[in-house]
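# Topology and contacts: notes
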Amino acid sequence: MTVRSILAFPDPRLRRRAAPVARVDNKIRQLIDDLLESMYASGGIGLAATQIDVHQRVVVADVSEPGLEPLALVNPKWNPAPGAEVQRHEEGCLSVPEVRAEVPRYSRVLVEALDRDGQPLALEADSLLAICLQHETDHLDGKLFVDYLSPVKREMIRDRLRKQRYVA
Ligand code: K2U
Ligand code: ZN
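Here's a quick rundown of the structure. Counting restarts for each chain, with residues numbered from 1 along the sequence as it is written. Going through the entries in the order they are written, you letter the chains from A and number the ligands from 1. Local features in this predicted model are restricted to residues whose pLDDT is 70 or higher, and side-chain atom pairs enter the listing and the counts only when it is 80 or higher, whereas totals over whole chains, interfaces and linings include all residues. Only hydrogens and water are set aside; all other atoms, that is, all heavy atoms of the structure, feed into the side-chain values.

### Some points on the sheet that holds strand E6 (residues 108-114)
A pair of strands counts as paired when DSSP detects no fewer than two bridges linking them. Elements are defined by DSSP. Helices are runs of H or I of four residues or more, strands are runs of E of two residues or more, and each kind is numbered from the N terminus. Across the sheet, five strands lie side by side as E1-E2-E3-E6-E7; this open sheet has antiparallel pairing. Lying at the two open borders of the sheet, with one neighbouring strand each, are strand E1 (46-48) and strand E7 (120-126). Strand-to-strand twist of the sheet, defined as the mean angle between neighbouring strand axes without regard to direction, takes the value 40 degrees. Every residue pair with non-hydrogen atoms within 4.5 Å of one another is taken to be in contact. For helices, the fitted axis covers only the stretch in contact; all axes are lines through C-alpha atoms, and the angles between them, taken along N-to-C directions, range from 0 to 180 degrees. Across the sheet, helix H1 (residues 26-41) touches E1, strand E2 (58-61) and strand E3 (71-80), and the angle it forms with E2 is around 40 degrees. Along the sheet face, helix H2 (residues 127-140) touches E1, E2, E3, E6 and E7 and points at about 120 degrees away from the line of E7.

### Looking at the site of ligand 1
Every one of the 14 residues lining ligand 1 counts as a neighbour, but Gly46, Gln51, Leu94, His135 and Glu136 are closest to it. A distance of 3.2 Å is found between an oxygen atom of ligand 1 and a side-chain nitrogen or oxygen belonging to histidine 135. Here ligand 1 loses 85% of its free accessible area of 470 Å² to cover by the protein chains. The residue inventory of the shell around ligand 1, partitioned by class, reads six nonpolar, six polar and two charged. One heavy atom suffices: a residue is near a molecule or strand as soon as one of its heavy atoms comes within 4 Å of it. The definition of a polar contact used here is a pair of N or O atoms within 3.5 Å, where within protein one atom must be able to donate a hydrogen and the other to accept one, and adjacent residues in sequence count solely through side-chain atom pairs. Note on areas: these come from Shrake-Rupley sampling with a 1.4 Å probe, and a residue is covered only by the protein chains present in the view. For this scheme, ten residues count as nonpolar: Ala, Val, Leu, Ile, Met, Phe, Trp, Tyr, Cys and Pro. Four count as charged, namely Asp, Glu, Lys and Arg, and the remainder, Gly too, count as polar.

### Examining the pairing of E6
The classification of residues rests on relative accessible area computed with a 1.4 Å probe and restricted to protein chains. Under 20% of the type maximum is buried, over 50% is exposed, and intermediate values are partly exposed. Covered by surrounding structure in E6 are Val109, Val111 and Ala113 only, the residues Arg108, Leu110, Glu112 and Leu114 on the alternate face being uncovered. Judged from the five bridges that link them, E3 and E6 form a sheet pairing that is antiparallel. Along E6, the bridge assignment pairs proline 80 with valine 109. The pairing of E6 with E7 spans seven bridges and is classified as antiparallel. What sits directly across from glutamate 112, in E7, is alanine 122. A loop of five residues connects E6 with E7, the two strands running antiparallel in sequence, and glycine 118 in this loop sits at a positive phi of about 80 degrees.

Laid out in structure tokens, this is it:
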């Protein structure tokens, strides 16, 4: 288990589209363990492989107390649950430090994936887990929550982070 460093916006590697996992083997299980370790170490409740510069379709989440219900999803796909509505919710991102912004997400989603043993997994997620899984699958498609903001706001964020980097 290794804590991996997390890519920071506007790093272009965050924009790469992750490749589907062909086979869930020990290498993928090691990646899942590293993702969980890195997520807990950074106080996150979700993390996508893209964020540690591994471009494979794997995400982890744990929206309960750390370590209570770690969830690992390989090749995750989601659809809005019947009757789900779009709600705006304030989000953060471990790759966009100190930025919070409201993002529209579905309130409930039906998720299909493979688990860490390569077995098919289906779950219905609502509230924070639904938001988290939509946020993480966006990462696998090179999408960041700041993409839902106006170009002006996104530019302001880019400038602020650039200044922070030089100041620091
Ligand atoms: O993918 C990430 O960068 C981790 C995200 C996951 C997430 C974003 C928005 C809403 C839910 C989950 C977070 O930065 S983890 C930090 C966090 C912790 C508690 C509540 C919201 C965000
Ligand atoms: Zn994120």
